Amino acid sequence: MNTEKLIGKKEKVKIIGKTKSKKYYVGKSLENSYNIYIEDTGDYSDDELIGEEQECLIINIIKNNIIGFILDDRKFLNDIKTIRNILKNTDEYEKIEDIYLMERLKIKGKVLGLYLVDKGETRKVLSRYIRNRNIK
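An account of the accompanying structure is given in this report. (Residues numbered from 1 in each chain as written. Predicted model: local features only at pLDDT ≥ 70, side-chain atom pairs only at ≥ 80, totals over all residues. Heavy atoms only, no water.)

The biggest cluster of nonpolar side chains holds 16 residues, and the ones touching the most others in it are Leu 87, Ile 99 and Tyr 115. Looking at this core, the elements that each hand over two or more residues are β2 (24-29), β4 (53-62), β5 (65-70), α2 (74-87) and β7 (110-119). In this structure, Ile 15, Ile 36, Leu 49 and Ile 70 belong to the second largest nonpolar core, which totals 14 residues. (Core = buried A, V, L, I, M, F, W, Y, C linked by side-chain atoms within 4.5 Å. Buried < 20%, exposed > 50% of the residue type's maximum accessible area, 1.4 Å probe, protein only. Helix = DSSP H or I, 4+ residues; strand = E, 2+ residues; numbered from the N terminus.)

Structure below.
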């Protein structure tokens, strides 16, 4: 099967382990038995993921390896904490009412979070993305 057609599809995977480099989790597609590599972004401990079933979005094919991204909010919640910590150093921090994840996007193989910083009368849109994914 042409793996390029998989990009943008959701797959249910069982996380079976990590690569030797410890940079990627390896998931086995429950439907098609493909190996899907998911970058370890530090949002989960090994015990939380290995052996668990997760939904993932296939975002890229690199060197005939399928690259996926876990579709759960933990990465985005951690991004919101990071944004909040960065904004604490500004004078306008007291005016911020809340920070929201507006939308998850996939652009050119990168997963992007679109965030809204609500300052009451004014709103600011921020985006954060995961660095380029390269299997080594």
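In this section: the environment of Ile 80. Inspection of the secondary structure puts Ile 80 in helix α2. Exposure remark for Ile 80: the relative accessible area of 12% places this residue in the buried category. Measuring from C-alpha to C-alpha, the distance between Ile 80 and Gly 113 comes to 9.6 Å, with 33 residues separating the pair along the chain. Those residues within four positions of Ile 80 in sequence are excluded, and the remaining contacts are Ile 99, Tyr 100, Leu 101 and Tyr 115. (Contact = heavy atoms within 4.5 Å.)

This part covers unusual backbone geometry. Phi is positive for Ser 33, which is not a glycine, with a value near 60°. Position of Ser 33 among the secondary structure elements: in the loop between β2 and β3 (35-39). For Ser 33, a relative accessible area of 49% puts it in the partly exposed group. A positive phi angle, near 60°, is found at Asn 64, a position not held by glycine. Looking at the element boundaries, Asn 64 is found in the loop between β4 and β5.

Remember that the coordinates give geometry; whether it matters functionally is a separate question.
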